[in-house]
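Spelled out, the chains give:
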Amino acid sequence: MKHFALLLAGCALSATAMAQTNGPSGVRSSTDYSPGTSDSRNNGFGIKGGFTASNFRGDDKKNFSNEAVYNTFHVGAYAQFGVTEKFSVQPEVLYSRQGFKGDSPASTAPTGTYTTRLDYVQVPVLLVYNFLDNVSVHVGPQVSLLTKVKEGGTERKIADENNVYGYSYSSLDYGVAAGLEARIGPARLGGRYTAGFADIIKDQNLSRTGQTAISNIKNGMFQVYLGIGISN
């Protein structure tokens, strides 16, 4: 967490130095363009990807022993649509591998400490505000579709067909994302936290898994990413 905060602070300081009226040649500020036109710096699209530190939250987290962060990755594309020279809307489509580590109390789960891997297709829609020429804050809702589940390296179905496991996974997650981004030329460096609001696990059958509840847990993750604008 400390290293993540230092990285974001470094991004902001670097971008602030670049956000001068008479900045280096080739580094254009948001005010160099006419707002609301196709030439706006806040229009365009590109690709992005980076590191994800994923874990889980919720009342039933206490029932998982040896829980830990799952370090993984995400990758995808974004589009940006300028509203003014300061505000824009940025939808994204991301493949996000996330999940958590821990010992599950469910008798039907793998034994020992193992990784629960959850693969999502995420669609955040973010409001972007450039509070400096090259530094912006992002915040907005996110919807995620679960596409694959692995428990301890073994793939299983999202739904619990024939009551094999005694619990299913929620195929849809929704939540909110917020973060900070610095831009230098076509490159973007940023960090973001996303909190999911839907329970990861649902339909627990206590007679099958044992009486310890595991359903009230939700996604949470930090992402650090590098993006490259293809069209700005």
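See the structure shown above.
The structure reproduced in this document is the subject of the present report. Small disclaimer: the values here were computed from a predicted structure and weren't measured.

The helix and strand inventory of the protein chain stands at two helices and 12 strands. Counting helices and strands in the order they occur from the N terminus, the protein chain gives α-β-β-β-β-β-β-β-β-β-β-β-α-β. Burial statistics for the protein chain: of 232 residues in total, 46% are counted as buried. Sequence separation of 24 or more characterises 67% of the internal contacts of the protein chain that already satisfy a separation of 6 or more.

For the rest of this paragraph, the subject is the side chain of R117. With respect to the secondary-structure elements, R117 resides in strand β5 (residues 114-132). Reaching out from R117, the side chain makes a polar contact with the side chain of D119 at a distance of 2.7 Å. What R117 contacts, discounting residues up to four positions off in sequence, is Y70, Y95, R97, Q98, K148, V149 and K150.

Here the focus is the pattern of salt bridges. All told, the structure shown has eight salt bridges when counted by the stated rule. Across the pair E151 and R156 runs a salt bridge whose closest N-O atoms are separated by 3.7 Å. The class for E151 is buried, based on a relative accessible area of 5%. Classification of R156 by relative accessible area gives buried; the value is 5%. The residue E181 makes a salt bridge to R188 at a minimum N-O spacing of 3.1 Å. Its relative accessible area of 2% is what places E181 among the buried residues. Looking at R188, the relative accessible area reads 3%, which means it is buried. One network of salt bridges, in which partners are shared, links K48, E92 and R192.

Thresholds, definitions, all that
Residues numbered from 1 in each chain as written. Predicted model: local features only at pLDDT ≥ 70, side-chain atom pairs only at ≥ 80, totals over all residues. Heavy atoms only, no water. Helix = DSSP H or I, 4+ residues; strand = E, 2+ residues; numbered from the N terminus. Buried < 20%, exposed > 50% of the residue type's maximum accessible area, 1.4 Å probe, protein only. Contact = heavy atoms within 4.5 Å. Polar contact = N/O pair within 3.5 Å; in protein donor to acceptor, adjacent residues only side chain to side chain. Salt bridge = Lys/Arg side-chain N within 4 Å of Asp/Glu carboxyl O.

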